[in-house]
Amino acid sequence: MRLQEIIGILKENFTLALGAVIVVGICFFLGYVIVYRKLMGGKKRLSKKQLLLTSLFIGYFMMVIGVTFLNRNSHYPGGVNLAFFSSYQEAWNSFSVREWQFLYLNILMFVPFGILLPLWHARFRKARWTIGLAAVFTLSIETFQLLTGFGVFELDDLFNNLLGAIIGYGIIMGILTIKDKGIKHTLFYFSPILIVVLLSGGMFAYYYTKEFGNLVIVPNYKTNMANATITNDVQLDDERKNVPIYQAPSYTKASGEEFAVDFFKRQHHDTGDMEVTVYPDEGIYQIQGYSIWFQFLDGGYRFTDFSSLDAKPKDTDEKTLNASVTAFGIDIPVETDFQKVETGIYEWTADKIVNGNQLIDGYLNVQYYNDDTVKYMDNQMITYDKVKDVQIKSEQEAYDEILAGKFKYYPENNRLETLHINQVEVTYYLDSKGFYQPVYAFQSIIDGRDMTMYIPGMD
C-alpha cells in the first residue's frame, strides 16, 4: 500500500469522523444547554479540556469504525484464525512491504486509544482500565467482523491492537509522570515502544544481512497430521546433494522506469508524458493507449495495448509470432515448448533450460490480433544467473517435514484427512531477495484434490 493510499484512507475517514463529532456536538448542545441547563436548572459545567478530549475520542472511534468496516466489502465467508503470530510468520516469509504495513498499522491504530483515555479521565490512568477497555473494543471489532463477513476473527489482530493501546498508554503515562516519579519510572512506561523498536530493528537487520531471502511457500503454522492417512509411491533418496542456486535480474524503481522507457521506444512511442505509478514491489508505466506492469524482483512484466478492445483475436504461426516478439526485444530460446491456448492466444514455456551459467525458466503468453500485431504479453520467462552451488536436504528429510505438517496447506479445522504422494522433484522458487532457490515439489493428492507441496531445499 502506497503512502498516498494510506493518506487517502485517513482523509476519507477523517471526513466521517468530523461529521460524527458535529452530529454528536449538536445533540450534546441540545441535551446539555437546553434540557439540562435551562429546563432542569442544572449547574454543573464541563471543562473545555474534557469537551475537546471527548470530541477527539469520538472522532478517533469513528475513524477506527471506518477503517475496519466501512472501507471493506462484506465478502468474507467468515472464519477464525487462532494461530498466534501466524500473520508475523506470513510477513516474514514473503517479506512484503504490504504485509508489514498491515501489522504495524494494526498496532498504530490503537495507540491513540491508549493516549486519549488517561487524558480524558483519571480512572484510565490505571493500566487495568485502559487495557481492559481496549481489549473489549478490539474483541468487539473482531467479533463483529466475523459475524457480518467484513473480516476474519484473528488472534494476531487482538494482540496487535492491544499492543498499540499499551504503547499509547505507556507514552502518555511516561510523559505525565516524568516530573513526579523520575526517569526510571518513565523508562518503564516507555518500555513497550522501546521493545517493539528494538525487536523490529533486530529482525530487519538480521534479514538484510543474511545471504538469501525468505520463501513464501513456508507455512505460517503446522498442519494437524494426527489422524491423516498417508501413502507414498515414491522411493525416497536419503542423501544430500549439491545443486545450483540462481539469481533473478532484480530491478530498482529507477532501472524499472528505464526498462519501460526503452520498451516503449522500441515501438516508436513517445514517453515524454509517461505516467508512472510505483509500488514497493512493482511499477505501472502508462502512455496513451498502452501500459506495462513491471515486477522489480525478477523483471517479469505484462504489456497491454488497449486497442485490443476494438480488435479481434487471430490465429497465426510460430514464425510470425517469433518475429513479432523479437521486435519487442524478446529472444525465445529454441528449447522452449510452443502451444496454442485458444484463438489468437499462444504460449512458450521454458522448463528449467540450462545455458552455461544461466537458467531460463517460466513462460511467455502473447495475444495476436486481426491487424497482425501483438497487443498483450505476459512475460514471465526469466533468465537467472548462477550464484553458486549449495547443499540441499535429502528427499527423505523433505518428506519428514511433510509428515510433521510443515507445508503450506490450510484445510478446514486445520486437519488433513488423506495424503498420497505420486512424485517428487527438485525445482526452483523465487525468494524475497530475488534468488531462485532449489525446493522440493511433491506432486500429491490431498483430501481428494491434486496439489503440489513445496518444501524448501536449503536448511
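For the structure itself, consult the block above.
Because the structure is a prediction, the values reported are computed rather than measured.

A. Quick look at the overall build of the chain. A count of helices and strands for the chain gives 10 helices and 16 strands. Taking all 459 residues of the chain together, the buried fraction comes to 41%. Pairs at least 24 apart in sequence give 66% of the contacts found in the chain among residues at least 6 apart. Summed over all atoms, the accessible surface of the chain reaches about 25,100 Å², with 58% contributed by carbon and sulfur.

B. Inspection of the environment of Leu416 at higher detail. Along the chain, Leu416 falls in the loop between helix 10 (395-403) and strand 14 (418-430). Looking at Leu416, the relative accessible area reads 1%, which means it is buried. Residues Leu416 and Thr229, spaced 187 residues apart in sequence, show a C-alpha to C-alpha distance of 8.5 Å. Setting aside residues up to four positions removed in sequence, Leu416 forms contacts with Thr223, Asn224, Met225, Asn227, Ala228, Phe407, Tyr409, Pro411, Ile446 and Asp447.

C. Focus on the packing of helix 5 (residues 111-120) against helix 7 (residues 155-209). One can describe the packing of helix 5 onto helix 7 by two numbers: an axis separation of 6 Å at closest approach and a directional angle of 40 degrees. Here helix 5 is positioned oblique relative to helix 7, judged by the angle of their axes. Between helix 5 and helix 7 lies a crossing of right-handed hand. Here Val111, Phe113, Gly114, Ile115, Pro118 and Leu119 of helix 5 lie close against helix 7, whose contacting residues are Gly164, Ala165, Ile167, Gly168, Tyr169, Ile172, Met173 and Leu176. Residues of the contact of helix 5 with helix 7, tallied by class, amount to 11 nonpolar, 3 polar and no charged.

D. Helix 10, seen in detail. Turning to helix 10, its buried residues number three or more, namely Glu395, Ala398, Tyr399, Glu401 and Ile402. In an axial view of helix 10, the angular spread of the buried residues amounts to 150 degrees, which keeps them on one side of the axis. Summarising the contacts, the buried residues of helix 10 are in contact with strand 3 (229-232), strand 4 (241-247), strand 14, strand 15 (435-446) and strand 16 (449-456). Immediately beyond the C-terminal end of helix 10, within one or two residues, lies Gly405, with a positive phi of roughly 80 degrees.

E. Spatial organisation of the environment of Met381. Within the secondary structure, Met381 sits in the loop between strand 12 (374-379) and strand 13 (382-392). For the pair Met381 and Asp351, spaced 30 residues apart in the sequence, the C-alpha separation amounts to 9.6 Å. Non-local contacts of Met381, meaning those with residues more than four positions away in its chain, are made with Pro333, Thr336, Trp348, Thr349, Ala350, Ile360, Asp361, Gly362, Tyr363 and Leu364.

F. Structural view of the pairing of strand 5 (residues 275-278). Pairing geometry for strand 5 and strand 6 (residues 282-287), over 4 bridges, is antiparallel. Each residue of the ladder has a partner; that of Val276, found in strand 6, is Tyr285. The hairpin formed by strand 5 and strand 6 contains 3 residues between the paired strands.

G. Focus on empty space enclosed by the protein. In the structure shown here, the tally under the stated rule is 1 cavity of 30 Å³ or more. Each pocket or cavity is described by its volume, and for the largest cavity that value is around 30 Å³. As for the largest cavity, its lining consists of Asn224, Asn227, Ala228, Arg415, Leu416 and Glu417. Partitioned by chemical class, the residues of the lining of the largest cavity number 2 nonpolar, 2 polar and 2 charged.

H. Region of interest: the pattern of salt bridges. Scanning the entire structure with this criterion turns up 11 salt bridges. For Lys388, the salt bridge is made with Glu211, and the minimal N-O distance between the two is 3.0 Å. A residue pair is termed long-range when its members are at least 10 positions apart, and Lys388 in strand 13 and Glu211 in the loop between helix 7 and strand 3 qualify at 177 residues. With a relative accessible area of 45%, Glu211 lands in the partly exposed category. Measuring nitrogen to oxygen at the nearest pair gives 2.7 Å for the salt bridge that ties Asp372 to Lys314. Of the two residues, Asp372 is situated in the loop between strand 11 (358-368) and strand 12 and Lys314 in the loop between strand 8 (301-305) and helix 9 (318-326); the sequence distance between them amounts to 58 residues. Within the structure, one salt-bridge network assembled from shared partners comprises Arg240, Glu397 and Asp459.

Parameters and conventions
- Residues numbered from 1 in each chain as written.
- Predicted model: local features only at pLDDT ≥ 70, side-chain atom pairs only at ≥ 80, totals over all residues.
- Heavy atoms only, no water.
- Helix = DSSP H or I, 4+ residues; strand = E, 2+ residues; numbered from the N terminus.
- Buried < 20%, exposed > 50% of the residue type's maximum accessible area, 1.4 Å probe, protein only.
- Contact = heavy atoms within 4.5 Å.
- Areas by Shrake-Rupley, 256 points an atom, 1.4 Å probe, with all protein chains shown as cover.
- Axes fitted to C-alpha atoms, helices over the stretch in contact; angles between N-to-C directions.
- Parallel < 35°, antiparallel > 145°, perpendicular 65-115°, else oblique.
- Left-handed = near helix turned anticlockwise from the far one by under 90°.
- Nonpolar A, V, L, I, M, F, W, Y, C, P; charged D, E, K, R; others polar.
- Arc of directions from axis to C-beta.
- Pairing = 2+ DSSP bridges.
- 1 Å grid on protein atoms, 1.4 Å probe; cavity = no way out; pocket = protein on both sides within 12 Å on 5 of 7 lines; lining within 4 Å.
- Points joined across faces, edges and corners; volume = space filled by probe spheres on them.
- Salt bridge = Lys/Arg side-chain N within 4 Å of Asp/Glu carboxyl O.

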